[in-house]
Amino acid sequence: VDAFQAWCGPCKPAVNLFQKIRNEVGRNLLHFAVAEVDSIDALEGYRGLCQPVFLFYTEGQLVAVVRGLNGPLLRRTILEQL
């Protein structure tokens, strides 16, 4: 989940990265979503940040968080979680 604030919008470069990885590993294994933290109370802790935050969930549980657009770290985290 790309957790973003309304003033900056979702991280567009991350969408391309996720699509590329999704094509490599299989479309059914990786799902990408965006969430505006200003309108979701459960994500209140991510408000006020000036960097992208990516939340990784497995079976409804938060399993990893990556702060900032770090392509190699995002890729490694995705592959580890899969």
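Check the entry above for the structure.
Quantities reported herein were computed from a predicted structural model and do not represent experimental measurements.

Chemist: Help me understand the side chain of aspartate 2 in this model?
Modeler: Relative to the elements of secondary structure, aspartate 2 occurs in strand E1 (residues 2–4). Every residue in contact with aspartate 2, bar those within four places of it in the chain, is listed here: Pro10, Cys11, Phe32, Ala33, Val34, Ala35, Val53 and Phe54.

Chemist: What exactly am I supposed to notice about the nonpolar core here?
Modeler: In summary, soluble globular proteins display a tendency toward joint burial of nonpolar side chains. The biggest cluster of nonpolar side chains holds twelve residues, and these are Cys11, Ala14, Leu17, Phe18, Ile21, Leu30, Phe54, Phe56, Ala64, Val66, Leu74 and Ile78. Of all the secondary-structure elements, those providing two or more residues to this core are helix H1 (12–25), strand E3 (53–58), strand E4 (61–67) and helix H2 (71–81). Among the elements that line this core, the one with the most residues is H1, at four residues. Judged by nonpolar contacts, the second largest core, of seven residues, contains Ala3, Val37, Tyr46 and Leu55.

Chemist: Is there a simple way to think about the pairing of E4 in this case?
Modeler: Regular strands show a simple pattern: their side chains alternate between the two faces of the sheet. Looking at chain direction, E3 and E4 are connected through six bridges and run antiparallel. Among the inter-strand pairings, phenylalanine 56 is bridged to a residue of E4, identified as alanine 64. Joining the antiparallel neighbours E3 and E4 is a turn of two residues, in which glutamate 59 adopts a positive phi near 50°.

Rules used throughout
Residues numbered from 1 in each chain as written. Predicted model: local features only at pLDDT ≥ 70, side-chain atom pairs only at ≥ 80, totals over all residues. Heavy atoms only, no water. Helix = DSSP H or I, 4+ residues; strand = E, 2+ residues; numbered from the N terminus. Contact = heavy atoms within 4.5 Å. Core = buried A, V, L, I, M, F, W, Y, C linked by side-chain atoms within 4.5 Å. Buried < 20%, exposed > 50% of the residue type's maximum accessible area, 1.4 Å probe, protein only. Pairing = 2+ DSSP bridges.

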